[in-house]
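Structural characterization, general
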Amino acid sequence: ILNVEQSPQSLHVQEGDSTNFTCSFPSSNFYALHWYRWETAKSPEALFVMTLNGDEKKKGRISATLNTKEGYSYLYIKGSQPEDSATYLCASMNTGFQKLVFGTGTRLLVSP
Amino acid sequence: DTEVTQTPKHLVMGMTNKKSLKCEQHMGHRAMYWYKQKAKKPPELMFVYSYEKLSINESVPSRFSPECPNSSLLNLHLHALQPEDSALYLCASSHLAQVVSGANVLTFGAGSRLTVL
């Protein structure tokens, strides 16, 4: 069974703070790691897909890194804004499975 | 059009009812998915259609019956559901199925919130 874990479960920061979350996944037979951003009452929206060890992706103030050897990915948000408030989901796929397996998400609340 | 549209947004049904959830995309994606999400749990894959053929059924009970009438539409027919089936049902699509390339990004709909009484 492929188990994907995210920490922390929730996070409350002030506007302007920088923050980061962790996604842990089995490193054996790794294939791909996805990050999605999910605002309440909206659709989950893809942020990044990473496949190679050492990958780093950036989209505005949000960036992500990937370590496939030790089985983790970090998502960083620089200078958090209230509109960053959302649940951030990661999902991993390995070559033994035919599907993405999601973590339970990190719920971020940014206060003005 | 870069959206996945799901209807209805909310559905309340009794255990003897028959209802359907609908999903539509016009991005030319050839893979479509149904996920189920219960509160504080991760989305769980139910079904995958690839080129309008069912390619993955994650041992879902037969009271859930998927249908893919064409490349743009995906339905989930519901019959004789149980209260524990109450959940958010998410539809997603991707250019190709995850089994072909795990790097295929999923485009999700906003979900249908189902309550079974």
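Notes on the structure follow. The residue count restarts for each chain, going from 1 along the sequence in the order it is written. Numbering of ligands from 1 and lettering of chains from A proceed in the order in which they are written. Local features in this predicted model are restricted to residues of pLDDT 70 or higher, and side-chain atom pairs are both shown and tallied only at a pLDDT of 80 or more, whereas totals for entire chains, interfaces and linings draw on every residue. Excluded from the side-chain calculations are hydrogens and water; all other atoms, namely the structure's heavy atoms, are used.

**Some thoughts on unusual backbone geometry**
That bond from S7 of chain A to P8 of chain A is cis: its omega, -5°, falls within 30 degrees of zero. Structurally, the position occupied by P8 of chain A is in the loop between strand 1 (5-7) and strand 2 (10-14). With an omega of -10°, the peptide bond running from T7 of chain B to P8 of chain B counts as cis. Here a helix means four or more residues in a row that DSSP labels H or I, a strand means two or more in a row labelled E, and each is numbered from the N terminus. Within the secondary structure, P8 of chain B is located in the loop between strand 1 (4-7) and strand 2 (10-13). In this structure, N29 of chain A takes a positive phi of about 55° despite not being glycine. With respect to the element layout, N29 of chain A can be found in the loop between strand 3 (19-24) and strand 4 (30-38). Even without a glycine there, the phi angle at S59 of chain B is positive, about 55°.

**Structural notes on the interface of chain A and chain B**
Between chain A and chain B, the residue contacts involve 20 residues of the former and 23 residues of the latter. Summed over both partners, buried area is the accessible surface (1.4 Å probe) that two parts give up on being assembled. The contact between chain A and chain B buries some 1600 Å² in all, and 68% of this surface belongs to carbon and sulfur atoms. Its largest share of buried area at the contact with chain B, chain A owes to W38, Q98 and F102 of chain A, together 30% of the area lost on that side. Between Lys or Arg on one side and Asp or Glu on the other, a salt bridge is scored when a side-chain nitrogen of the former is within 4 Å of a carboxyl oxygen of the latter. The interface formed by chain A and chain B includes 1 salt bridge. The partner of E58 of chain B in a salt bridge is K99 of chain A, and the shortest N-O contact between them spans 2.8 Å. Any two residues whose heavy atoms approach within 4.5 Å are treated as being in contact.

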